[in-house]
Amino acid sequence: MEIFGVPLNALYAQLLLGLMNGSFYAILSLGLAVIFGMLNIINFTHGAQYMMGAFVAWVLLSRFGVNYWLALVLSPLIVAAVGIVIERTMLKRLYHLDHLYGLLLTFGLALVIEGLFRVQYGISGEAYPVPEALTGGTDLGFMFLPNYRGWVVVASLVVCFATWYIIERTKLGSYLRAGTENPKLLQAFGINVPLMITLTYGFGVALAAFAGVLAAPIFQVNPLMGSNLIIVVFAVVVIGGMGSILGSIVTGLGLGLVEALTRVYYPEASAVVIFVIMAVVLLLRPAGLFGRES
Amino acid sequence: MKISGNLIASFVLFGLLLLAPLAREAIYPVFLMKVMCFALFASAFNLLLGYTGLLSFGHAAFLGAAGYVTGYTIKALGFPTELGLMAGTVTAGLLGFIFGSLAIRRSGIYFAMITLALAQMVFFLALQMKFTGGEDGLQGIPRGKLLGFIDLRDDINLYYFVLAIFGGGFWLIYRTIHSPFGQVLKAIRENEPRAVSLGYDVSKYKLVAFVISAALSGLAGSTKSVVLQLASLTDVHWHMSGSVVLMTLLGGVGTVLGPVVGAATVIGLENKLGDLGNWLAGATGINALSTIGEAVTIVTGLIFVVCVLTFRRGIVGELAALVKRSGVNVKSE
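Residues numbered from 1 in each chain as written. Chains lettered and ligands numbered in written order. Predicted model: local features only at pLDDT ≥ 70, side-chain atom pairs only at ≥ 80, totals over all residues. Heavy atoms only, no water.

Draft legend 1. Representation of the overall build of chain A. The helix and strand inventory of chain A stands at 11 helices and four strands. At 19 Å, chain A has a C-alpha radius of gyration in line with the 19 Å of a compact globule built from 294 residues. Along the first, second and third principal axes, the C-alpha atoms of chain A reach 65 × 50 × 35 Å. By the burial criterion, 56% of the 294 residues in chain A qualify as buried. The long-range fraction of contacts in chain A, counting pairs at least 24 apart against all pairs at least 6 apart in sequence, stands at 77%. When the accessible surface of chain A is summed, it comes to about 12500 Å², and 67% of that surface belongs to carbon and sulfur atoms. In chain A, which carries 13 positive and 12 negative side-chain charges, the distance between the mean positions of the two groups comes to 13 Å. (Helix = DSSP H or I, 4+ residues; strand = E, 2+ residues; numbered from the N terminus. Rg over C-alpha atoms; globule rule 2.2 N^0.38 Å. Buried < 20%, exposed > 50% of the residue type's maximum accessible area, 1.4 Å probe, protein only. Contact = heavy atoms within 4.5 Å. Areas by Shrake-Rupley, 256 points an atom, 1.4 Å probe, with all protein chains shown as cover. Lys, Arg positive; Asp, Glu negative; His and termini not counted. Charge placed at Lys NZ, Arg CZ, Asp CG, Glu CD.)

Draft legend 2. Looking closely at the packing of helix H6 (residues 155–177) of chain B against helix H9 (residues 202–228) of chain B. Residue and element names in this part refer to chain B. Look at H6 against H9: their axes get within 11 Å of each other, and the N-to-C directions meet at 170 degrees. Here H9 runs roughly antiparallel to H6, going by the angle between their axes. Contacts between H6 and H9 involve Leu 158, Val 162, Ile 165, Gly 169, Leu 172, Ile 173 and Thr 176 from the first element and Ile 212, Leu 216, Leu 219, Thr 223, Val 226 and Val 227 from the second. Looking at the contact of H6 with H9, its residues break down into 10 nonpolar, three polar and no charged. (Axes fitted to C-alpha atoms, helices over the stretch in contact; angles between N-to-C directions. Parallel < 35°, antiparallel > 145°, perpendicular 65-115°, else oblique. Nonpolar A, V, L, I, M, F, W, Y, C, P; charged D, E, K, R; others polar.)

Draft legend 3. Structural detail: the packing of aromatic side chains. The tally for this structure, following the rule as stated, stands at 31 aromatic pairs over all chains. A ring pair is formed by A:Trp58 and A:Tyr121, whose centres lie 5.6 Å apart and whose planes are at 90 degrees; its orientation type is edge-to-face. Here A:Tyr121 lies in helix H4 (residues 99–121) and A:Trp58 lies in helix H2 (residues 46–64), a separation of 63 residues in the sequence. On the basis of relative accessible area, A:Trp58 is assigned to the buried category, the value being 12%. On the numbers, 5.1 Å between centres and 85 degrees between planes, the contact of A:Tyr68 with A:Trp69 is edge-to-face. Given a relative accessible area of 3%, A:Tyr68 falls into the buried group. For A:Trp69, a relative accessible area of 36% translates into the label partly exposed. Within the aromatic cluster, the residues linked to one another by ring pairs are A:Phe44, A:Phe107, A:Phe234, B:Phe57, B:Trp238 and B:Phe304. Sitting over the face of the ring of B:Tyr110, B:Arg106 holds its NZ or CZ atom 3.8 Å from the ring centroid. (Phe/Tyr/Trp six-rings, centres within 6.5 Å; stacked < 30°, edge-to-face > 60°. Lys NZ or Arg CZ within 6 Å of the ring centre and 35° of its normal.)

Draft legend 4. Main features of the nonpolar core. Within the largest apolar cluster, 204 residues are counted, with the highest numbers of intra-cluster contacts made by A:Leu214, B:Leu55 and B:Phe166. A total of 15 residues in this core trace back to one element, the largest contributor, which is helix H5 (residues 108–128) of chain B. Setting aside its immediate chain neighbours within four residues, B:Leu55 contacts A:Leu100, A:Leu103, A:Leu104, B:Phe45, B:Leu49, B:Phe111, B:Ala112, B:Thr115 and B:Val245. (Core = buried A, V, L, I, M, F, W, Y, C linked by side-chain atoms within 4.5 Å.)

Draft legend 5. Region of the structure containing the side chain of A:Glu114. With respect to the element layout, A:Glu114 can be found in helix H4. One buried charged residue, A:Glu114, forms no salt bridge at all, with the nearest opposite charge on A:Arg118 at 4.8 Å. A polar contact of 3.4 Å, which involves the side chain of A:Glu114, links it to the side chain of A:Ser227. What A:Glu114 contacts, discounting residues up to four positions off in sequence, is A:Met51, A:Pro223, A:Leu224, A:Ser227, B:Trp238 and B:His239. (Salt bridge = Lys/Arg side-chain N within 4 Å of Asp/Glu carboxyl O. Polar contact = N/O pair within 3.5 Å; in protein donor to acceptor, adjacent residues only side chain to side chain.)

Draft legend 6. Just unusual backbone geometry, in detail. The phi dihedral of A:Asn40 is positive, around 60 degrees, even though this residue is not glycine. When you line up the elements, A:Asn40 lands in the loop between helix H1 (8–39) and H2. Since its relative accessible area comes to 33%, A:Asn40 is described here as partly exposed. Here B:Gln229, not a glycine, exhibits a phi torsion of approximately 55 degrees, which is positive.

Draft legend 7. Region of the structure containing the interface of chain B and chain A. Residue-level contacts link 34 residues of chain B with 45 residues of chain A. Of all residues in chain B, B:Ile109, B:Met113 and B:Trp238 give up the largest surface area on contact with chain A, accounting jointly for 17% of the area buried on that side. Where chain B touches chain A, the interface holds zero salt bridges. Sorting the residues of the side of chain B that touches chain A by element identifies H5, helix H10 (238–251) and helix H12 (296–310) of chain B as the ones contributing at least two each. Among the elements that take part in the side of chain B that touches chain A, H5(B) stands out by supplying 13 residues, more than any other. (Buried area = accessible area lost by both parts, 1.4 Å probe.)

Draft legend 8. Main features of the environment of B:Ala44. Residues and elements named next belong to chain B. Mapped onto the secondary structure, Ala 44 falls in helix H2 (residues 29–49). A relative accessible area of 0% places Ala 44 in the buried class. With 173 residues separating them in the primary sequence, Ala 44 and Ser 217 have C-alpha atoms 5.9 Å apart. Beyond its immediate stretch of four places on either side in the chain, Ala 44 contacts Ile 173, Ser 213, Leu 216 and Ser 217.

Draft legend 9. Geometry of a nonpolar patch on the surface. On the surface, A:Leu70, A:Val73, A:Leu74, A:Leu77, A:Ile78 and A:Val82 cluster together into a nonpolar patch covering about 490 Å² of accessible area. Inspection of the secondary structure assignment puts A:Ile78 in helix H3 (residues 68–89). (Patch = residues over 30% accessible without salt bridge, like charges linked within 9 Å, V, L, I, M, F, W, Y side chains within 5 Å.)

Draft legend 10. Representation of the environment of B:Phe210. All names here are of chain B. Within the secondary structure layout, Phe 210 lies in helix H9. A residue is classified by how much of its surface remains accessible, and Phe 210, at 0% relative accessible area, is buried. Among residues more than four places away in sequence, those in contact with Phe 210 are Leu 48, Ser 56, Phe 62, Gly 96, Phe 99, Gly 100, Phe 111 and Thr 115.

Draft legend 11. Layout of the pattern of salt bridges. Residue and element names in this part refer to chain B. A full pass over the atoms with the stated rule returns seven salt bridges over all chains. Note that Arg 143 is salt-bridged to Asp 155, the shortest N-O span being 2.8 Å. Within this pair, whereas Arg 143 is found in the loop between strand E1 (138–139) and strand E2 (145–146), its partner Asp 155 is found in helix H6, the two being separated by 12 residues in sequence. What makes Arg 143 buried here is its relative accessible area of 8%. Residues Arg 189 and Glu 190 are paired through a salt bridge, measuring 3.0 Å at the closest nitrogen-oxygen approach. On the basis of relative accessibility, which here comes to 27%, the residue Arg 189 falls in the partly exposed class.

Draft legend 12. Main features of helix H13 (residues 314–325) of chain B. Residue and element names in this part refer to chain B. The end-to-end C-alpha distance of H13, which contains 12 residues, comes to 16 Å, matching closely the 16 Å that a straight helix rising 1.5 Å per residue would cover. Within H13, burial applies to Gly 314, Val 316, Gly 317, Ala 320 and Ala 321. One side of H13 carries all its buried residues, which in axial view fall inside an arc of 135 degrees. Buried residues in H13 make contact with H10 and helix H11 (258–284). (Expected span 1.5 Å × (residues − 1). Arc of directions from axis to C-beta.)

Draft legend 13. Representation of the confidence of the model for chain B within the structure. Residues and elements named next belong to chain B. This prediction gives chain B a mean pLDDT of 87; 94% of its residues lie at or above 70. Within chain B, E2 has the poorest average pLDDT of any element, 78, and H9 the best, 95. We note a pTM of 0.89 for the whole complex and an ipTM of 0.86 for its interfaces. (pLDDT = per-residue confidence, 0-100.)

Rendered as structure tokens:
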């Protein structure tokens, strides 16, 4: 069976790939949105932190023999710790300034981190093996599902919705939302807002690193893996708007699928389709699909 | 009496640049030409960041696209040099109109992200389209003859031509900043809602500033492609967009001469970093320092971090503040 001249199997395979890329967009844009909500900073280092997540997992495996599942927990914690040091020593000094300085600082940090990894590991990239439990694939009847790709989609969705649940449905989340709305008032109620800001940054960074570990077995673990991705994620954030958690998730997944469909039907445009959609959204709905006009 | 420190410093600068070819044994004309191209680029960028308060993270697109168009029209279509430069500049202006129309719909951080994303689109297009030469870029662009009789293959002829372009562009930016139009831009930078309430069509002003900035960045890119006879993906890459932000920030955002100083420092550093690393390694005995040359991005990033954390007024801004404290009335704007 074919749809517009494309065999159904190939179409499904591409859609799965799109869903997988979309999961990465979703986790990364979610992290950006969480950080932006609390710190009012666009974290340009996000791509570098995603790359660090993958590298830490690779180093853990190749040097210390730490397996994938443990790395999935350890690597985000390690990268988040580095992020917290950055927040405490540098970002903290910029909160009273124009938000653009935060962007510039994190941009500089991204260059430093990327450069350090490039000097240390070169640009050829390292291979990370797919964990044994997830090798091979499953025949679903209508298509062949590589297990690891399925796992990436499921794991990302679980993490995304857990984040949504924490922020929208728990007491801690309510503090977070209150801090986004009015940090001074929250501080007056006796909540340690600076600590919360630090932990929020750490959490956002951990999300990026988690995505990095998920990505390690699929893509080459490469110092430059984050920087190109992060620009696409910026476009995703502009399209979705950073006002809503669910909005980030839906936009991320949706754009991954759109990109996949473009790759099937008009491959030349697949690299730019998200940017084109961004331009159209800006014309029709400048605040973004889920954004609030401020 | 009010001394315009800028005017004096500018005259000194251009006087030195006029005389520079006398010392061509010490300073390569091609290096100076490259610096001038980037100085124009950074000055054009500063018109937007420093005087309108808009942070564009996609200015590489204008520099790069103009370079490609100039290179292609001269090399493949046989345009005379001056027409090729014009074609590049106009292209960048049009591109600036498109980018600007979209990006001014949002402000602040979103503005930066939108320009970055649009520039990345231009990067992918440059990578895929046939006329740009993809990964190889356009190489061996002929310099041609100016007005049909001045041979630009001669470095000194070309040097004075580039100096004239840089001077013209610099003067245009200076005039724009000090015109009533420039005053409105500064008003928008300082307090946008107030500018709106005073009846200014803020979007229109922003857009015009964006187009001027883009076109002049394009002129810089076009000139650069003639000087180096090369248009490549480096010029459209987002690193370049970051680089021009750094030049402006390091020199001094919102100062007339800051971007020139910043561009000279950054380009000089990129060219000399290897020597510097070797020298440091020799002086301190730490061998690791000799690898500094390979790690331009690390050093660039570090300068970024230091600038943002401790040095936000930039070199020229700090100097002006220093002079001001000593009692002489100097304007750096």
